[in-house]
Amino acid sequence: MTYDIEKIRGQFPILQREINGKSLVYFDNAATTQKPLSVIERVSAYYRNENCNIHRGVHFLSQEATQEFEDAREKVRGFINAGRKEEIIFTKGTTEAINLVAYSFGRNILGQGDEVLITALEHHSNLVPWQVLCREKNAFLRVVPINNKGEVVQEAYKKMLGPRTKMVAIGHISNALGTINPVREMIAAAHEKNIPVLVDGAQAASHIKIDVQELDCDFYCFSGHKAYGPMGSGVLFGKTRLLESMDPYQCGGEMVDRVTFEKTTYNELPFKFEAGTPNVESILGLKTALDFMDSLGMDSIGSHEKALLEYGTEQLARDPDITIYGTADRKTSIISFLFKNIHPYDAGIIFDKTGIALRTGNHCAQPVMDRLGISGTIRVSFGAYNTIQEIDRLVESIGMVKKMLG
Ligand code: PMP
């Protein structure tokens, strides 16, 4: 199957927009991807024809919506190759999924003087919940260092897996630098010492094939909105044994079995972790988004984005006024860079004037910036619909930035 980029772009209405009189170049995919028409229409069709609360009614609409919602769960299961549908918990995103695990799992296993191990590459979402938990438990947050290329130092990681380590939480792909961590090996090393591992896959789900059974991770999470799906849709995968051992994260309707004033028993998996009315339309849209990625093939998306990354890196690396941050041997389609003498925020304004949407700042990863000795970067991040011509537009705009501000 050939990768028909024009046909793919044709599925994204927003790419037709002009910003400041220029056709939009959307290079902010690590923050959120755009949505194909099929996803937009799925959400709209739900409200036009199907809107109803799920899991509760005997009437037709409720049963139909419930069936669709549960079909979406099955789709997610297949997409990440989980063994059982009950291991898929819907959340509103990665942040909520990590907080759930920190609260319901971390809290049970962590005692005074114990340790949670993260890496110096983490997004704040995979750092702050653990930091707060450690403070509450008088435990220690340990941080595996990165090298100058933005790779987690594996020898240090192995050494830091100690007798007090009760949990490892690592990003699959860094949103700030694009580094792909060798999570399979890191999980295996932790498991040798019986330490459970959570993988933050927020940046992975739209770029690489995820197989939670092959990874053997204990928890895996991602956000639908970064994978062509709607905002408010997210996934937590957890191994059944662990999910069953955990208390609910939130309490209310749906997560209960029997309620009296004296006592409440909890619903079975996955409902125990899905209190209240979920974002039904977003979850249905997420299913359509996963269908969209499947229709292209994760390998094809990966090859296309690899070509963009190589071309973009080559173009930027040859500019003596630019420094690229994050040069890991294994990277996805993120290029973080700085001009030698121009503030990223000022540059961002000029890029915007030329119709290019990219991101400047610390990318919710302040410790990564501290480690690199900078306050932030300019980040371009590619998706399935980006093109070489758009990278040429970026290079043109870089010329303009230098002319105006250099
Ligand atoms: N982890 C990583 C690596 C991310 O890139 C992000 C989003 N930038 C998150 C977690 C949080 O995702 P969300 O805001 O969708 O919950």
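Cut-offs applied
- Residues numbered from 1 in each chain as written.
- Predicted model: local features only at pLDDT ≥ 70, side-chain atom pairs only at ≥ 80, totals over all residues.
- Heavy atoms only, no water.
- Helix = DSSP H or I, 4+ residues; strand = E, 2+ residues; numbered from the N terminus.
- Rg over C-alpha atoms; globule rule 2.2 N^0.38 Å.
- Buried < 20%, exposed > 50% of the residue type's maximum accessible area, 1.4 Å probe, protein only.
- Areas by Shrake-Rupley, 256 points an atom, 1.4 Å probe, with all protein chains shown as cover.
- Lys, Arg positive; Asp, Glu negative; His and termini not counted.
- Charge placed at Lys NZ, Arg CZ, Asp CG, Glu CD.
- Axes fitted to C-alpha atoms, helices over the stretch in contact; angles between N-to-C directions.
- Parallel < 35°, antiparallel > 145°, perpendicular 65-115°, else oblique.
- Left-handed = near helix turned anticlockwise from the far one by under 90°.
- Contact = heavy atoms within 4.5 Å.
- Nonpolar A, V, L, I, M, F, W, Y, C, P; charged D, E, K, R; others polar.
- Phe/Tyr/Trp six-rings, centres within 6.5 Å; stacked < 30°, edge-to-face > 60°.
- Lys NZ or Arg CZ within 6 Å of the ring centre and 35° of its normal.
- Domains from an automatic or database assignment.
- Buried area = accessible area lost by both parts, 1.4 Å probe.
- Salt bridge = Lys/Arg side-chain N within 4 Å of Asp/Glu carboxyl O.
- Polar contact = N/O pair within 3.5 Å; in protein donor to acceptor, adjacent residues only side chain to side chain.
- Pairing = 2+ DSSP bridges.

In this section: the overall build of the protein. Of the regular secondary structure elements, the protein holds 14 helices and 17 strands. For 406 residues, the compact-globule formula gives about 22 Å, and the C-alpha radius of gyration of the protein, at 22 Å, lands near that figure. Expressed along its principal axes, the backbone C-alpha trace of the protein runs to roughly 70 × 55 × 35 Å. Considering the protein as a whole, with its 406 residues, one finds that 56% of them fall into the buried category. Looking at the protein as shown, the accessible area adds up to about 17500 Å², and 50% of this sits on carbon and sulfur atoms. Distance from the positive charge centre (45 side chains) to the negative charge centre (50 side chains) of the protein: 4 Å.

The next thing to look at is the packing of helix α4 (residues 94–109) against helix α5 (residues 128–137). The interhelical angle for the contact between α4 and α5, taken along N-to-C directions, is 25°, at an axis separation of 9 Å. Classified by the angle between their axes, α4 and α5 sit roughly parallel to one another. Handedness of the α4/α5 crossing: right-handed. Seen from α4, the contacting residues are I98, N99, V101, A102, G106 and R107; seen from α5, they are P129, W130, L133, E136 and K137. Of the residues assigned to the contact of α4 with α5, the class counts are 6 nonpolar, 2 polar and 3 charged.

Let us now look at the packing of aromatic side chains. Inspection of every chain in the model, using the stated rule, returns 12 aromatic pairs. Each ring, one from F27 and one from F382, has its centre 5.1 Å from the other, and the planes form 80°; the classification is edge-to-face. In this pair, F27 is assigned in the loop between β3 (25–26) and α2 (37–50) and F382 in the loop between β17 (377–381) and α14 (388–405), connecting sequence segments 355 residues apart. Each member of the aromatic cluster is reached from another via a ring pair, and the members are F12, Y228, F292 and Y385. Directly above the ring of F79 sits K209, whose terminal nitrogen or CZ lies 5.6 Å from the centroid.

Taken as a whole, the protein is organised into domain 1 (5–29 + 297–405) and domain 2 (40–294). Each partner contributes residues to the interface: domain 1 has 35 residues there, and domain 2 has 33 residues. Of the roughly 2700 Å² buried between domain 1 and domain 2 on both sides combined, carbon and sulfur atoms contribute 58%. At the junction of domain 1 with domain 2, the criterion picks out 1 salt bridge. In this structure, D329 engages K149 in a salt bridge whose closest nitrogen and oxygen atoms are separated by 3.0 Å. For the pair domain 1 and domain 2, the number of links is 18 residue pairs in polar contact (both at pLDDT 80 or more). The set of elements that each furnish at least two residues to the side of domain 1 that touches domain 2 consists of α11 (298–317), β14 (334–339) and α13 (366–372).

This part is about the sheet that holds strand β5 (residues 115–119). Spatially, the 7 strands line up as an open sheet ordered β4-β10-β9-β8-β7-β5-β6, and their pairing is mixed. Every interior strand has two partners, whereas the edge strands, β4 (88–91) and β6 (140–144), have only one. Strand-to-strand twist across the sheet, computed as the mean angle between neighbouring axes with direction ignored, equals 20°. Summarising the sheet, strand β7 (residues 165–171) and strand β8 (residues 197–200) pair through 4 bridges and their orientation is parallel. Bridging from a neighbouring strand, I170 pairs with V199 of β8. Across the sheet, α5 touches β5, β6, β7 and β8, and the angle it forms with β6 is around 145°. On the sheet, helix α7 (residues 183–192) packs against β5, β7 and β8 and is oriented at approximately 160° with respect to β8.

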